[in-house]
Amino acid sequence: MQPTVDLKQQTAAVGTRKQWKLKGTWQLHTMLLPALVIVFVFQYIPMLGLVMAFQDYEPWLGFLHSPWVGLEHFKTMFEYEDARQVIWNTLVISTLKIIFNLAIPLAFALLLNEIYVMKFKRTVQTIVYLPHFLSWVILGGILIDMLSPEGGMVNRVLTALFGIEPIFFLGDNDWFRTVVVVTDVWKECGFNTIVFLAALTSINPSLYEAAIVDGANRWQQTIYITLPSMLPIIIVVGTLSLGNILNAGFDQILNLYNPLVYKTGDIIDTYVYRVGLLNGDFSYATAVGLFKSIISFILVVTGYRLAYKYANYKIF
Amino acid sequence: MLKKVFTTLTVTVLTAGVLAGCTDNESASSGSSSESKDGKVTITTVRTLKDDTKFRDGEDLNNNPITRWSEKELGITWKTLWTAPNDEQYHNKIRLSLSSGQKLPDVFKVSDGQLISDLIRSGKVMPVDEAIEKYASPRLKKIFNQFPEAFYPATVDGKRYGIPRFSGGNGSDSLLWIRKDWLDKLGLQPPKTIEDLEKIMDAFVNKDPDGNGKKDTIGLTLASKNGLATWLADGSFIFGAYGNYVPGSWSKGEDGSLVYGSVQPSMKKALEKLNEWYKKGYLDKEVGILDEQTAIESFVSGKSGIISAPPWAADWPITDALKNNPGAVVEPYPLPSGPDGKIGRRGEGLVTGMFLFSKDFKHMDKFFEYLDEAFAYVYNDSKYFKYGLAEGYDYVMKDGKPVYDDKEIPNGRLDPGAYFITEAIPTVPYMLYDLVEELYTTKREPKNAYEYTRIVSLGDSFMKAATIVNQQNQYRIENEFTGPPTKTMQKRFEFLTKMERETFANIIYGRAPLSAFDDFVKKWEESGGKEITKEVNEWYQSVKGEK
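Rules used throughout
Residue positions are counted from 1 within each chain, in the order its sequence is given. Here chains are named by letter from A upward and ligands by number from 1 upward, in the order in which they appear as written. Selection of residues for local features in this predicted model requires a pLDDT of at least 70, selection of side-chain atom pairs for listing and counting requires 80 or more, and totals for whole chains, interfaces and linings are taken over all residues. Strands are runs of DSSP state E lasting at least 2 residues, helices are runs of H or I lasting at least 4, and numbering of each runs from the N terminus. Only C-alpha atoms enter the radius of gyration; for comparison, a globular chain is expected to reach 2.2 Å times N to the power 0.38, where N is the number of residues. C-beta atoms are first placed from the backbone for all residues, and any pair lying within 7 Å is then listed as a contact. Neighbour density around each residue's C-beta defines its exposure: 20 or more other C-beta atoms within 10 Å make it buried, 12 or fewer make it exposed, and counts between make it partly exposed, where C-beta atoms are placed from the backbone. Paired strands are those between which DSSP finds at least two bridges. UniProt positions are given in the numbering used here, feature names are shortened, and annotations may be inferred rather than shown by experiment. The source of the domain bounds is an automatic or database domain assignment. All axes are obtained by fitting lines to C-alpha atoms, using only the stretch in contact for helices, and the reported angles, taken between N-to-C directions, cover 0 to 180 degrees.

## Side note on the overall build of chain B
Okay, so step 1: Looking only at helices and strands, chain B features 20 helices and 18 strands.
Okay, so step 2: On C-alpha atoms alone, chain B measures out to a radius of gyration of 27 Å, which is about the 24 Å that the 2.2 N^0.38 rule sets for 547 residues.
Okay, so step 3: Along the first, second and third principal axes, the C-alpha atoms of chain B reach 75 × 75 × 65 Å.
Okay, so step 4: A separation of at least 24 residues holds for 74% of the contacts in chain B among residues at least 6 apart in sequence.

## Description of the pairing of strand β13 (residues 330–333) of chain B
Residues and elements named next belong to chain B.
Okay, so step 1: Only one face of β13 is covered, namely the face carrying Val330 and Pro332; the face carrying Glu331 and Tyr333 is uncovered.
Okay, so step 2: Across four bridges, the pairing between strand β8 (residues 175–179) and β13 is antiparallel. Considered in β13, the bridge of Trp177 is made with Pro332.

## What to know about the UniProt feature "transmembrane region" (unreviewed entry) in chain A
Okay, so step 1: Per the UniProt record, the feature "transmembrane region" (unreviewed entry) sits at residues 31–54, 86–112, 124–144, 191–211, 223–246 and 282–307 of chain A.
Okay, so step 2: For residues 191–211 of chain A, the end-to-end C-alpha separation is 30 Å, with 86% helix and 0% strand making up the annotated structure.

## Notes on the domain arrangement of chain B
Residue and element names in this part refer to chain B.
Okay, so step 1: Each assigned domain of chain B is listed with its residue range as follows: domain 1 (35–165 + 353–484) and domain 2 (175–347 + 485–544).
Okay, so step 2: Here the C-alpha centre of domain 2 lies 32 Å away from the C-alpha centre of domain 1.
Okay, so step 3: The interface of domain 1 with domain 2 comprises 23 residues on the first partner and 26 residues on the second.
Okay, so step 4: Elements with a minimum of two residues in the side of domain 1 that touches domain 2: α5 (113–121), α18 (460–471) and β18 (476–478).
Okay, so step 5: When residues in the side of domain 1 that touches domain 2 are grouped by element, the largest group, seven residues, is from α18.

## Observations concerning the interface of chain A and chain B
Okay, so step 1: Listed as interface residues are 29 residues of chain A and, on the opposing side, 30 residues of chain B.
Okay, so step 2: Those elements that provide at least two residues to the side of chain A that touches chain B are α1 (2–44) and α13 (268–278) of chain A.
Okay, so step 3: A per-element tally of the side of chain A that touches chain B places α1 of chain A first, with seven residues.

## Here we look at the sheet that holds strand β9 (residues 218–221) of chain B
All names here are of chain B.
Okay, so step 1: Read across the sheet, four strands follow the order β9-β12-β8-β13 without closing on themselves; strand pairing throughout is mixed. The open sheet has two edge strands, β9 and β13, and neither has a second partner. Strand-to-strand twist of the sheet, defined as the mean angle between neighbouring strand axes without regard to direction, takes the value 20°.
Okay, so step 2: Pairing geometry for β9 and strand β12 (residues 304–309), over three bridges, is parallel. Note on β12: the bridge partner recorded for Ile218 is Ser304.
Okay, so step 3: Helix-sheet contacts for helix α9 (residues 194–206) involve β9 and β12, and the interaxial angle to β9 is about 120°.
Okay, so step 4: Packed on one face of the sheet, α18 meets β8 and β13 and runs near 20° to β13.

## Examining the environment of Asn145 of chain B
Okay, so step 1: Among the secondary structure elements, Asn145 of chain B is positioned in helix α7 (residues 138–146).
Okay, so step 2: Remark: the alpha-carbon pair of Asn145 of chain B and Lys79 of chain B, spanning 66 residues in sequence, is separated by 30 Å.

Okay, here's the thing in structure tokens:
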């Protein structure tokens, strides 16, 4: 008898507290409202359009009256070898990107953290961060010039230093993925570096002091204090990028690829762009897009669970 | 207290702002044609408005010399409901209003084949056969009869649903532009055949035409990323020299049906040549990754001696090449012939869009009257436009004589032609270059602003090039499939195109043997190509049949 009453009382208490909370903060909640409305209108309502993926969409019939075709578009996707190839290309390129976009900024942040000349550190940080703001359209042109086998900067350096024949980086299936990953890391590593640097500053200095007292050298400090303390942020960055595993970088590929490297460089997004926009097959393009989103969703959820289980860290 | 009031106020303002953004301004934009008692009509339209279309102060699409003329002389008031800066956005907007069931404007131009087909099938646009019969002037009828295929993009079940907006016909067809100074320096004659061309390219590569002591020049500038038959740095003439087909075009085969150029056996010889040229260094090492804009760099920077480009290249990019390379002379030459005397080039399409009409539109007579008057000007037969379209825009009168020079016109010359619903002074295929040829060969004075601004002011080089292109008109290989993508095309054409580009590039680079072409043709047929060819010909039969 007694426990039940207790529970009721507790519930009531919680209830009133909640009510009281809302009373004091309703203005804040109302201020949130416009944002929610916008998200609903521009993010959730358009999702209804996804039904196109299961239809033979005809614009003038709209998705209310277009004929249903079930999973046909999804079948098409796996039937044709070209679709399978772009899925494979996407996975390879984006996996490489995820790994290197975690490892290199991390290493870079650790190294940068060891520098005590603030001015130098800041300057390097800014310079590394700069390419992040350039668009791929511009970089595409610059890279084509730099990587040119006819007097491109990179090839000239390679020839001068190692005496090797000029390499046609953007037209060679053996090199294209490497170029894509390296240039992407170069462009984006500044951003993650800053995230990691921020995490580094939040590590409690007393941990290091204790370690020094215990006789740990710099390397040991990094292994036993810095890295474990940074694990949560590494996991966050990693999990968030898992959601992008099927986004191998549309802008970048579109500006760099060409018929010579379709075999290794064509990815889902460029494929959808050509099929959907250039050939006008909206339904099929939507089906591929939906497939992409579902895979990303599953990966994000899995990443979230794993992070919680193994690192005891909740992202959301 | 004050704080609370402030918070509440902020919240209200923010929320209201967002909600206001959502309200529909529909009522303001829906308009339709109407006729007042005195025979004056209002016609609604929408169009693309490119950034380079300029107006005099205070004027816009609904108020300019052309609309004022149309209102005063023809009794037509044009109402442009909205504009978009480019075709893509424009078509998206129309597609949106189609799928959301909004009312279509009275008259509007569409150049996307799929969208034209969607609009026709939606039943929201009307057939125009009867209207042409009833209202089109003899002049218009003559033009329409001269180019029946111009109606194909909007022909369904034997009914015509649109009026073509004609292109210049051969306006963007290519010819050769060669560095004359290099030819002279090396003592070479302009090429008549592909063989001549090879000798020239060889000399351009090996005999140091730019005299810098380095072997850093190439023979021919080509763009291949978007296909070898294209609008600039065009390679179609190489294919045309070996057969009657160019890559990427559906043209008539031996039995009169449409066949796809890229899979014809004659491609093979041209590809073999290209591979040979690549190996010998005649082509840019990076030719496989160059699109039209990046390809021209070699010519502009003075590293290349030959480019195949349309007559308008005289302005861009040739002038850039002249600017960058002091002493450079670039001259236009006819396309060379192949071993069997064959010449062929990619021919530009005849239309750049179709005018469609809302099924509620009632004033086709007025539309044709307007169109006829616009055409009258280019035929030098207008009762309204004697010297130009509007004084103070494309000409001024000085001492009773028209003057067309930019500098003489206060605030500079403007082209009121852009204010017509045709978005430019209307044209008929081949007419412009016919006129250029006449002006160039007779050296007569221009009679009106059109002849001056479109032809004479563009200079001698352009006129010579256009004349050459016009004299090679019989070698045009046109893409005759102008319908919406067929069913199998939608599903498979992307794959087929990708395979084509890949195969061609690999053969040119020597990464695949020439026999890869045969494998490609076989696979092309098997992976939907055969089906597509059948569908394309079904379409062709359906539009060619009874009008």
